[in-house]
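As a plain string of letters, each chain reads:
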Amino acid sequence: MFVTATAMLPAVGSLCISRSPRGGPRFTMAVRSNVNVSVAPILTKLQKECATPLPVLRNVADAMTADMRAGLVVDGGGELKMILSYVDALPTGNERGLFYALDLGGTNFRVLRVQLGGQEERVQATEFEQVSIPQELMCGTSEELFDFIATGLAKFAEKEAGKFHLPQGRQREIGFTFSFPVKQTSIDSGILIKWTKGFSVSGTAGRDVVACLNEAMERQGLDMRVSALVNDTVGTLAGARYWDEDVMVAVILGTGTNACYVEQMDAIPKLQGNKSPSGRTIINTEWGAFSKGLPLTEFDRDMDAASINPGEQIYEKTISGMYLGEIVRRVLLKMAEEGALFGNSVPEKLSMPFVLRTPHICAMQQDYSEDLQAVGSTLYDVAGVESSLKARKVVIEVCDTIVKRGGRLAGAGIVSILQKMEEDSNGAIFGKRTVVAMDGGLYENYTQYRRYVHEAVTELLGTEISKNVVIEHTKDGSGIGAALLASANSKFDHDY
């Protein structure tokens with residue numbers, strides 16, 4: 001699905017959002033009587049501090065481009081890690097055979113198999129299953145966790161039938177999407193730096209996670225080997241590139257965020273020797289760690305201070321789905337405490353961190369009724385808030401302010417990568433069709449956020465150049481991408 005940039009909306013200063021029955025917000029000058037007088041200064045200050053006019057976006061994009069360059073010179077040279085993926089063989093469409101993928105990145109793991117038929121038939125068949133990981137294994141031993149995963153893989157492989165066919169004499173190969181911090185050492189090996197996302201598994205830190213999985217598969221009697229270890233963003237790029245050779249960048253905007261892109265090896269000073277025949281590789285930016293020049297508020301700083309990683313992942317905390325709802329909650333809490341937004345009492349549930357989540361603020365912004373009934377229902381159901389129509393309008397303004405900032409800053413990040421590639425290729429990026437593959441529920445489901453991403457890209461690049469930049473939604477592309485990279489890095493010949 002191709003998503004084209006929409007027309008730019010006027011900036012939200014002292015604006016009030018009224019709802020259009022056609023689905024888009026109409027912007028009109030705020031009538032101050034519609035806003036609680038005590039809340040107005042808080043709202044005005046918030047809108048001013050979150051503003052992302054073109055000069056701010058330009059500064060962020062340029063600073064991120066410079067940080068990318070610093071990270072390519074030496075590890076630790078900038079905030080962006082600019083991790084080498086060791087992926088230098090990208091899918092071409094010629095891949096044939098049966099390949100598997102495993103995606104481990106949270107409280108579930110997903111297994112997938114795909115039968116590839118080359119240029120003529122491409123993806124002939126796919127199947128997948130999702131398995132929940134018991135809580136005790138998330139805090140158990142490395143052997144226990146990987147044995148559980150290998151057992152699930154073995155059961156899935158046993159169901160292989162129908163259109164799925166493994167040629168005789170071949171070992172099954174799998175692409176392993178591992179969405180935890182690793183120091184990758186080759187296409188099929190990577191040392192775990194630390195567990196995140198609620199995992200605290202003993203005996204794995206400092207070990208090669210591919211070796212852990214391969215050993216577990218051996219213990220389960222499963223004849224399968226990992227031929228590619230990939231980050232989910234890298235998998236998304238590979239999956240999209242299989243269908244469209246103009247894909248040069250992949251971005252995930254969901255609960256978390258990250259981006260990767262195709263880089264020329266000559267532009268990577270820290271890559272000493274080890275040049276591949278293709279002369280290019282995929283760089284995993286880990287852009288969530290960026291922080292320079294971002295327009296931050298007291299609510300961002302307080303949320304960061306209370307987080308499990310204060311001072312880290314500031315860009316991610318500003319633009320990703322994990323945090324947008326929490327920032328809105330903190331703003332509404334201050335308005336309730338200092339401006340009596342919801343009357344004389346402050347709802348107790350509104351004081352609970354992360355009680356208001358990004359799907360909630362998304363649902364409220366999709367309310368186009370005259371009385372904003374869905375906004376009122378969401379506030380009551382989620383936070384125990386009784387709200388007037390005036391208060392609901394303020395809530396919508398707060399949501400839009402935070403989401404607009406997030407979407408536009410995400411757009412600036414996309415442009416930072418594109419302009420870096422443009423500078424290094426002597427104009428070979430903006431002069432032709434260039435595709436950014438986009439995955440993640442935030443981008444997919446949040447209409448306003450998606451529009452603000454496109455708006456920022458168009459503003460920064462200009463109307464003519466932005467016509468060549470296509471942001472293409474690629475749903476669940478990382479799983480297929482991992483299987484494709486397993487194929488591209490197979491130890492077997494594809495021609496059988």
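Structure first, text after, so check above.
None of the values given here were measured: they were computed from a predicted structure.

### Things to note about unusual backbone geometry
In this structure, Tyr86 takes a positive phi of about 65° despite not being glycine. Within the element layout of this structure, Tyr86 appears in the loop between strand E4 (83-84) and strand E5 (96-104). Non-glycine residue Leu372 carries a positive phi angle of around 50°. Counting through the fold element by element, Leu372 comes out in the loop between helix H11 (358-365) and helix H12 (373-383).

### Some points on the sheet that holds strand E8 (residues 172-178)
With respect to topology, 5 strands assemble into an open sheet ordered E7-E6-E5-E8-E11, the strand pairing being mixed. Strand pairing shows two members of the sheet lacking a second neighbour, strand E7 (123-132) and strand E11 (224-230), which therefore form its edges. Averaged over all neighbouring strand pairs, the angle between strand axes comes to 20°, with direction disregarded. Of the strand pairs in this sheet, strand E6 (residues 108-117) and E7 are connected by 9 bridges, and their pairing is antiparallel. Its bridge partner being in E7, Val111 is matched across the sheet by Glu129. Packing of helix H5 (residues 142-158) onto the sheet brings it into contact with E5, E6, E7, E8 and E11, and relative to E6 it is tilted by some 40°.

### Some details on helix H1 (residues 40-50)
Every buried residue of H1 is accounted for by Ala40, Ile42, Leu43, Leu46, Gln47 and Cys50. Axial view of H1: buried residues confined to an arc of 165°, hence all on one face. Projecting away from the buried face of H1 at angles above 90 degrees are the exposed residues Pro41 and Lys48.

### Let's talk about the nonpolar core
By size, the foremost hydrophobic cluster in this structure holds 116 residues, and its most contacted members are Leu332, Met335, Ile414 and Tyr449. Per-element tally for this core: the top contributor is helix H13 (residues 389-424), with 16 residues. When residues no more than four places from it in sequence are discounted, the contact partners of Ile414 are Val251, Trp287, Val436, Met438, Val453, Val457 and Ile471. Among the nonpolar cores identified, the runner-up in size contains 39 residues, and Val111, Ile133, Ala150 and Phe164 belong to it.

### Considering the packing of aromatic side chains
The final tally for this structure, using the stated rule, is 12 aromatic pairs. Here Phe180 and Trp195 contribute two aromatic rings whose centre-to-centre distance is 4.9 Å and whose plane-to-plane angle is 70°, an arrangement assigned as edge-to-face. Residue Phe180 is located in the loop between E8 and strand E9 (182-186), and its partner Trp195 is located in the loop between strand E10 (189-192) and helix H6 (209-219); the two are separated by 15 residues in the primary sequence. The exposure classification of Phe180 matches that of Trp195, with both residues buried. Considering the side-chain rings of Tyr323 and Phe354, the 6.4 Å spacing of their centres and the 65° angle between planes classify their relative orientation as edge-to-face. Within this pair, whereas Tyr323 is found in helix H10 (residues 321-339), its partner Phe354 is found in the loop between H10 and H11, the two being separated by 31 residues in sequence. Given a relative accessible area of 27%, Phe354 falls into the partly exposed group.

### Things to note about the packing of H13 against helix H15 (residues 447-461)
As a packed pair, H13 and H15 sit with axes 7 Å apart at the nearest point and diverge in direction by 45°. Looking at the two axes, H13 sits oblique to H15. When you trace H13 past H15, the crossing you get is right-handed. Residues Asp400, Val403, Lys404, Gly406, Gly407, Arg408, Ala410, Gly411, Ala412, Ile414, Val415 and Leu418 of H13 pack against Gln448, Tyr449, Tyr452, Val453, Glu455, Ala456, Val457, Glu459, Leu460 and Leu461 of H15.

### Looking at helix H17 (residues 477-488)
Its 12 residues give H17 an end-to-end C-alpha distance of 16 Å, which sits within 8% of 16 Å, the value for a rise of 1.5 Å per residue. Where burial is concerned, most of H17 is hidden: 11 out of the 12 residues are buried. For H17, the set of buried residues is Gly477, Ser478, Gly479, Ile480, Gly481, Ala482, Ala483, Leu484, Leu485, Ala486 and Ser487.

### Overview of the packing of H5 against H6
Look at H5 against H6: their axes get within 8 Å of each other, and the N-to-C directions meet at 60°. Our classification of the angle between H5 and H6 gives oblique. The handedness of the crossing between H5 and H6 is right-handed. Of the residues in H6, those in contact with Ser142, Glu143, Phe146, Asp147, Ile149, Ala150 and Leu153 of H5 are Val209, Cys212, Leu213, Ala216, Met217 and Arg219.

What counts and how
Counting from 1, residues in each chain are numbered in the order their sequence is written. The predicted nature of this model means local features are confined to residues of pLDDT at least 70 and side-chain atom pairs, given and counted, to a pLDDT of 80 or more, with totals for whole chains, interfaces and linings taken over all residues. Water and hydrogen atoms play no part in the side-chain values, which are based on all heavy atoms of the structure. Only DSSP runs of H or I with at least four residues qualify as helices, and only runs of E with at least two residues qualify as strands; both kinds are numbered from the N terminus onward. DSSP bridges decide pairing: two strands pair if at least two such bridges lie between them. Note on geometry: axes are lines fitted to C-alpha atoms, helical ones only across the stretch in contact, with angles between N-to-C directions running from 0 to 180 degrees. The contact rule is simple, with two residues in contact once any of their heavy atoms fall within 4.5 Å. Using a 1.4 Å probe on the protein chains alone, a residue whose accessible area is under 20% of its type maximum counts as buried, one over 50% counts as exposed, and one in between counts as partly exposed. Directions drawn from the helix axis to the C-beta atoms are what define this arc. To form a nonpolar core, buried Ala, Val, Leu, Ile, Met, Phe, Trp, Tyr and Cys residues must be joined to one another through side-chain atoms within 4.5 Å. Ring pairs shown here join Phe, Tyr and Trp side chains whose ring centres sit within 6.5 Å, with only the six-membered ring taken for Trp; geometry is labelled stacked below 30 degrees between planes, edge-to-face above 60, and tilted in between. Here is the rule for angles: anything less than 35 degrees is roughly parallel, anything more than 145 is roughly antiparallel, 65 through 115 is roughly perpendicular, and the remaining ranges are oblique. Should the near helix be turned anticlockwise from the far one by less than a right angle, the crossing is termed left-handed; should it be turned clockwise, right-handed. Helix span, expected: 1.5 Å multiplied by one less than the number of residues in the helix.

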